[in-house]
Amino acid sequence: EVDFFRADALASVKNDDEVAKIALQAVAKALGVDAIDSAMILDTSVVRARNAVSHFCIDSASSSPDVKLDDGLFICGDWVDRTGHASWSTEKAVVTGRQAVEALAAEFGLDCNTQIIAASPDTPQLASLRQMFQRIRDLSPIELGIPPSPWVAVQAIMR
């Protein structure tokens, strides 16, 4: 899977084969090879999502699946295994891709270390916001409409 971030110009390319060709060129560049033979590609699907971002519901992490669904069945994406790494979006997709590779290697008894870097802890400012809003939620009745997270409160203030 290739995901282009902030690629509205690319989303305007109407020909899916041309988008696939551009994606292969990007992958070749990332891998440091001259080219990737398009004949090696079995299937393509182009999704054009302009100005798209992932939005998750409060406590959705508790419902997120692990990278290993069953023997021989692994998944990755920014919506997977939220309890294991606190990153989001493209970073989360990369991390869970690496986690899936490690799980697959472990299933086959292979040694694999993808060197997943732990997500940074909250900044002091974010930690303070989280504590402040948790105290407000703990002390306030739900019917007062107290925001469920600092992000929701900041978003409401910015409107």
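As a reminder, the structure under discussion sits directly above these lines.
Residues numbered from 1 in each chain as written. Predicted model: local features only at pLDDT ≥ 70, side-chain atom pairs only at ≥ 80, totals over all residues. Heavy atoms only, no water.

Draft legend 1. Layout of the overall build of the protein chain. Of regular secondary structure, the protein chain possesses 5 helices and 2 strands. Counting across all 159 residues of the protein chain, residues that qualify as buried make up 19%. Sequence separation of 24 or more characterises 32% of the internal contacts of the protein chain that already satisfy a separation of 6 or more. Looking at the protein chain as shown, the accessible area adds up to about 12,200 Å², and 57% of this sits on carbon and sulfur atoms. (Helix = DSSP H or I, 4+ residues; strand = E, 2+ residues; numbered from the N terminus. Buried < 20%, exposed > 50% of the residue type's maximum accessible area, 1.4 Å probe, protein only. Contact = heavy atoms within 4.5 Å. Areas by Shrake-Rupley, 256 points an atom, 1.4 Å probe, with all protein chains shown as cover.)

Draft legend 2. Structural context of the nonpolar core. One finds Val67, Phe74, Ile75, Val80 and Ala100 forming the largest nonpolar core, which totals 5 residues. In this view, Val80 contacts Ser64, Pro65, Asp66, Val67, Ile75, Lys92 and Thr96; residues no more than four positions away in its chain are not counted. (Core = buried A, V, L, I, M, F, W, Y, C linked by side-chain atoms within 4.5 Å.)

Draft legend 3. Layout of the pattern of salt bridges. Under the definition given, this model contains 3 salt bridges. Taking the shortest distance from any N to any O, the salt bridge between Arg48 and Asp16 comes out at 2.8 Å. Residue Arg48 is found in the loop between helix 2 (16-31) and strand 1 (68-70), and its partner Asp16 is found in helix 2; the two are separated by 32 residues along the sequence. Here Arg48 falls in the partly exposed class, since its relative accessible area comes to 31%. Residues joined by salt bridges that share partners form a network here, namely Lys68, Asp71 and Glu107. (Salt bridge = Lys/Arg side-chain N within 4 Å of Asp/Glu carboxyl O.)

Draft legend 4. Region of the structure containing helix 2. The terminal C-alpha atoms of helix 2 lie 22 Å apart, and with 16 residues this matches the ideal 22 Å at 1.5 Å per residue to within 8%. For helix 2, the full list of buried residues reads Val19, Ala20, Ala23, Leu24 and Ala28. Where helix 2 is buried, its residues contact helix 1 (8-11). The opening residue of helix 2 is Asn15, an N-cap whose side-chain oxygen sits 2.7 Å from the backbone nitrogen of Asp17. Phi turns positive, to about 75 degrees, at Gly32, one or two residues after helix 2. (Expected span 1.5 Å × (residues − 1). Polar contact = N/O pair within 3.5 Å; in protein donor to acceptor, adjacent residues only side chain to side chain.)

Draft legend 5. Local environment of a nonpolar patch on the surface. Nonpolar side chains collect at one region of the surface, where Leu104, Phe108 and Leu110 lie side by side and expose about 320 Å² of accessible area between them. Assignment of secondary structure puts Leu104 in helix 3 (residues 89-107). (Patch = residues over 30% accessible without salt bridge, like charges linked within 9 Å, V, L, I, M, F, W, Y side chains within 5 Å.)

Draft legend 6. Structural context of helix 3. With 19 residues, helix 3 should cover 27 Å at 1.5 Å per step; its first-to-last C-alpha distance of 27 Å lies within 8% of that length. Those residues of helix 3 not exposed but buried are Lys92, Val95, Thr96, Gly97, Gln99, Ala100 and Ala105.

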